[in-house]
Amino acid sequence: EDGYRLWMRYDKITTVAVAKKYQSLATSVLLEKESATFVIAQKELQLALQGLLQTTIPVTKTIQPGAIVLGTASSSSIISSLGISEKLKALGKEGFVIFSVVIKNKPCTVIAANHDIGVLYGTFHFIRLLQTQQSIEKLSVVSKPAIGHRLLNHWDNLDRTVERGYAGFSLWDWHKLPDYIDPRYIAYARANASIGINGTVLTNVNANAQVLTVPYLKKVAALANVFRPYGIKVYLTARFSAPVEIGGLTTADPLDSAVQAWWKKKVDEIYTYIPDFGGFLVKANSEGQPGPQNYDRNHADGANVLAKALAPHNGIVMWRAFVYSNEVPEDRAKQAYNEFKPLDGTFEKNVLVQVKNGPIDFQPREPFHPLFGAMPKTPLMMEFQLTQEYLGFATHLVYLAPLFKECLDADTYAKGKGSTVSRVIDGSLENHTLTGIAGVANIGNDRNWTGHPFAQANWYALGRLAWNPSLSSETIAEEWIRATFSNNENVVSTLKNVMLASREVTVRYMTPLGLHHIMGWNHHYGPGPWIKDKPRADWTSVYYHQADSLGIGFNRTATGSKALLQYTPEVQKIYSTPADCPEEYLLWFNHVGWNHRMKSGRTLWDELCHHYYAGADSVQWIQQQWDSIHNHIDEERYQQVKALLAIQYQEAIWWRNACVLYFQTFSKRDIPTGLPKPDQSLDYYQSLEFPFAPGIKPKW
Ligand code: BDP
């Protein structure tokens, strides 16, 4: 068991009573008409039942007791005769129903939708019920996605390196495409379809214009052909200077008519190869990438030229709000809001502005981005990061659903109480119909896809939350554990506890109490709170923690950088004083004295130390939990996770010792009694070089 099968393992159900029940309720697949997508659904169902029940299920055209009836009203006379057209109407293109019904005296299960893809999604839902051993006797499921565009963003370069990728090289074998279709592309599509992901951006946001040339478009088209029956569209990153780099123009000024004509022609050409091409994702005027500001134009000017070219083909532009300019601002957290908010209402209809969950950069904990709720006339799309750039790469076990949920459930108060981030991005707050969410992929060509076996859960969680942001982290973890490891109740509850705690554990040994951006320079691995004197102040750690003899933390309140004022007054109130600020964000918003009294009764300094020590200790607890279920886990994955946890523990100690010793140079206080002293000096930690970091971005 090497993890290749992800959460689609379909191993035999060993609880006899459950298997028996399923055997009588799932005897055959009834498919009246074939389509590429229907056949995928049918085969998946057969594969799942073959594995779970060890029985071969026939495909029939007539009803038998226990038939699973698949189809749409237009493809199936049986489904069209069931009187469910009203029910289906509300489900849109991707929704589905699953229900138990008696047809001609024979008990059946119907999986129906308006379109073929809905049937596939319904089939995967049904299989999930079996994998998690739920009753399928009296089913009545109605489901449709809350968010329209549910995407992975691959930061994959054309040379197959993956920026911030820790699971091997890119899946896309550009050299052998379009002629050789690696079976892994199909496995990838299937995994995504199983969790409702319906789009993939194939290339890095730090884009290479080459991918827009004809030889590459043919390769992209080959991938699109594989993905299409799985409901997945392909998207590309568009380098803003492409008209110059591959088009032979002298400018990429978005208001120049030759540039506009070039993009139109290019887009028309793309659609001749990929008739359902999804559109472009663009990073512009950020970290050295070209953009409209090079020509004194704004982001809307830039996005709109692409949007107009794509509109006739129903393509979209996802224009990223992750920007920071060449001048170092007094607070980088403010920049996206400052640049984008004034542009609200000036984007074309087919533009989504893609906003990272927090205002800095995928830290272990950030408050929600102030743009959420601040641009009512513009559909905003969420960008989460699955790849653990700032969370220990693929060696630390960190289940990210709680991080995602914290952001989605946060209240912006944009239109009063209940204006959650989730309602901003699902469009319901401002009645937007164009909606989206993306996860920066953590997938590579490692045999188990994501490097760390548990990192698969983050890919899974993104898909499940994109479909239904109101699912709990716990529900998602439980589904994933049952499908990926075991239905044994002890395994389920042990791993659930571990997974649910894991993000907070990591926050504690890396960046407790609202600290952020204090990791190693450039590669972002391991502690580096001492980082200073780099080309930009906002690439250093001292800029973010601001520790001095009086205290620590970034004052972003009205008496500091004023970043807090970008939020609504209700939100401001929550964070504006050290006395009231929730402690998990204390040092994000406030500079706080070392003697500040915390809720525990300890001083800030003591509390900080306790968090670092508790975080590291908790990794030991995770190790114990993992060991306790050894008997129930296959040996290969057991040993792999065990080895990774050992690395994680060493590194938690590394983070703890390095940070405590470093901050002590400011606090001038002892490490509280009872906590063991670090066995190495600060000099030692500062002298450590991280020898090899995969996925590093070249410095521009
Ligand atoms: C940062 C990464 C960098 C990305 C950038 C981005 O360090 O590699 O290019 O974000 O999102 O997190 O554009």
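Residues numbered from 1 in each chain as written. Predicted model: local features only at pLDDT ≥ 70, side-chain atom pairs only at ≥ 80, totals over all residues.

(A) Looking closely at the overall build of the protein. Counting its secondary structure elements, the protein contains 22 helices and 16 strands. Projected onto its principal axes, the C-alpha positions of the protein cover 80 × 65 × 50 Å. Buried positions account for 54% of the 700 residues belonging to the protein. Once local pairs closer than 6 in sequence are excluded, the contacts in the protein between residues at least 24 apart make up 72%. (Helix = DSSP H or I, 4+ residues; strand = E, 2+ residues; numbered from the N terminus. Buried ≥ 20, exposed ≤ 12 C-beta atoms within 10 Å, placed from the backbone. Contact = placed C-beta atoms within 7 Å.)

(B) Just the confidence of the model for the protein, in detail. The predicted model of the protein has a mean per-residue pLDDT of 97, with 99% of residues at 70 or higher. The ipTM, which scores confidence in the relative placement of chains, is 0.99 for this predicted complex, and the corresponding pTM is 0.98. (pLDDT = per-residue confidence, 0-100.)

(C) The sheet that holds strand β13 (residues 380–385), seen in detail. Taken in spatial order, the 8 strands close into a barrel running β7-β8-β9-β10-β11-β12-β13-β14, and their pairing is parallel. Shown here is a sheet whose adjacent strand axes are inclined to one another by a mean of 25°, direction ignored. Inspection of the sheet shows strand β7 (residues 149–153) paired to strand β14 (residues 436–440) by 5 bridges, in the parallel sense. Bridged to Arg 150 within β14 is Ile 437. (Pairing = 2+ DSSP bridges. Axes fitted to C-alpha atoms, helices over the stretch in contact; angles between N-to-C directions.)

(D) Seen up close, the pairing of strand β9 (residues 233–237). Burial within β9 is extensive, with 5 of its 5 residues counted as buried. Where burial is concerned, the two faces of β9 agree: the one with Lys 233, Tyr 235 and Thr 237 and the one with Val 234 and Leu 236 are both buried. With 3 bridges connecting them, strand β8 (residues 199–201) and β9 associate as parallel partners. Residue pairing across strands places Gly 199 opposite Lys 233, the latter belonging to β9. As a crossover connection, the stretch from β8 through helix α7 (residues 214–227) into β9 is right-handed. (Right-handed = clockwise from strand over helix to strand, strands pointing away.)

(E) Fine view of the nonpolar core. Formed by 220 residues in total, the largest nonpolar core has its most connected members in Leu 70, Leu 306, Val 317, Val 353, Leu 371 and Met 381. No other element matches the 12 residues that helix α21 (residues 635–667) contributes to this core. Beyond its immediate stretch of four places on either side in the chain, Leu 371 contacts Ala 321, Ala 336, Tyr 337, Phe 340, Lys 341, Val 355 and Leu 380. (Core = buried A, V, L, I, M, F, W, Y, C linked by C-beta atoms within 7 Å.)

(F) Highlighting the domain arrangement of the protein. Entries for the protein in the domain assignment read domain 1 (16–143), domain 2 (149–484) and domain 3 (508–554 + 591–687). Summarising the inter-unit geometry, the C-alpha centres of domain 1 and domain 3 are found 50 Å apart. (Domains from an automatic or database assignment.)

(G) Seen up close, the packing of helix α12 (residues 401–408) against helix α15 (residues 473–484). Look at α12 against α15: their axes get within 9 Å of each other, and the N-to-C directions meet at 150°. Judged by the angle between their axes, α12 and α15 are roughly antiparallel. As α12 runs across α15, the sense of the crossing is right-handed. Along the contact surface, α12 presents Ala 401, Pro 402 and Lys 405, while α15 presents Ser 473, Ile 476 and Ala 477. Taken together, the residues that form the contact of α12 with α15 break down as 4 nonpolar, 1 polar and 1 charged. (Parallel < 35°, antiparallel > 145°, perpendicular 65-115°, else oblique. Left-handed = near helix turned anticlockwise from the far one by under 90°. Nonpolar A, V, L, I, M, F, W, Y, C, P; charged D, E, K, R; others polar.)

(H) Spotlight on the sheet that holds strand β2 (residues 59–60). Spatially, 6 strands are ordered β2-β1-β3-β5-β4-β6 in an open sheet, and the strand pairing comes out mixed. Every interior strand has two partners, whereas the edge strands, β2 and β6 (140–143), have only one. Summarising the sheet, strand β3 (residues 67–72) and strand β5 (residues 106–113) pair through 6 bridges and their orientation is parallel. Across the sheet, Thr 72 pairs through a bridge with Ala 113, a residue of β5.

(I) Just the pairing of strand β11 (residues 316–320), in detail. In terms of burial, β11 is largely enclosed, as 5 of its 5 residues are buried. What you see with β11 is no split at all: Ile 316, Met 318 and Arg 320 on one side and Val 317 and Trp 319 on the other are buried throughout. Pairing between strand β10 (residues 279–282) and β11: 4 bridges, direction parallel. Of the residues in β11, the one forming a bridge with Phe 280 is Val 317. Where β11 meets strand β12 (residues 351–356), 4 bridges bridge the pair, whose relative direction is parallel. The residue of β12 that forms the bridge with Arg 320 is Gln 354.

(J) Structural detail: the packing of helix α16 (residues 489–510) against helix α20 (residues 604–628). Orientation of α16 relative to α20, taken along the N-to-C sense of each, is 155°, at an axis distance of 9 Å. Viewed along their axes, α16 and α20 adopt a mutual orientation that is roughly antiparallel. Where α16 crosses over α20, the handedness of that crossing is left-handed. Residues Thr 494, Asn 497, Val 498, Ala 501, Ser 502, Val 505, Arg 508 and Tyr 509 of α16 form the contact with α20, whose participating residues are His 611, Tyr 612, Ala 614, Gly 615, Ala 616, Ser 618, Val 619, Ile 622, Gln 625 and Ser 628.

(K) Quick look at unusual backbone geometry. Here the bond from Leu 177 into Pro 178 is cis, since omega is 0°, no more than 30 degrees from zero. In this fold, Pro 178 is placed in the loop between β7 and α6 (183–194). Its identity is not glycine, yet Tyr 413 carries a phi of approximately 60°, on the positive side. Classification of Tyr 413 as partly exposed rests on a count of 19 C-beta atoms within 10 Å. A positive phi is found at Lys 668, a non-glycine position, where the angle reads about 55°. Mapping Lys 668 onto the fold places it in the loop between α21 and α22 (682–687). Taking the number of C-beta atoms within 10 Å as the measure of exposure, Lys 668 has 9 and is therefore exposed.

(L) Spotlight on the environment of Gly 436. When you line up the elements, Gly 436 lands in strand β14. Taking the C-beta count within 10 Å as the criterion, Gly 436 has 24 such neighbours and is therefore assigned buried. Residue contacts for Gly 436: discarding those within four places in its chain leaves Ile 147, Gly 148, His 149, Leu 151, Met 318, Leu 352 and Met 381.

(M) Inspection of the environment of Trp 262 at higher detail. Here Trp 262 shows up in helix α9 (residues 257–273). The class of Trp 262 is buried, set by 21 C-beta atoms lying within 10 Å. Along the primary structure Trp 262 and Pro 243 are separated by 19 residues, whereas in three dimensions their C-alpha atoms are 6.6 Å apart. For Trp 262, the contacting residues outside a window of four places in its chain are Pro 243, Gly 247 and Leu 249.

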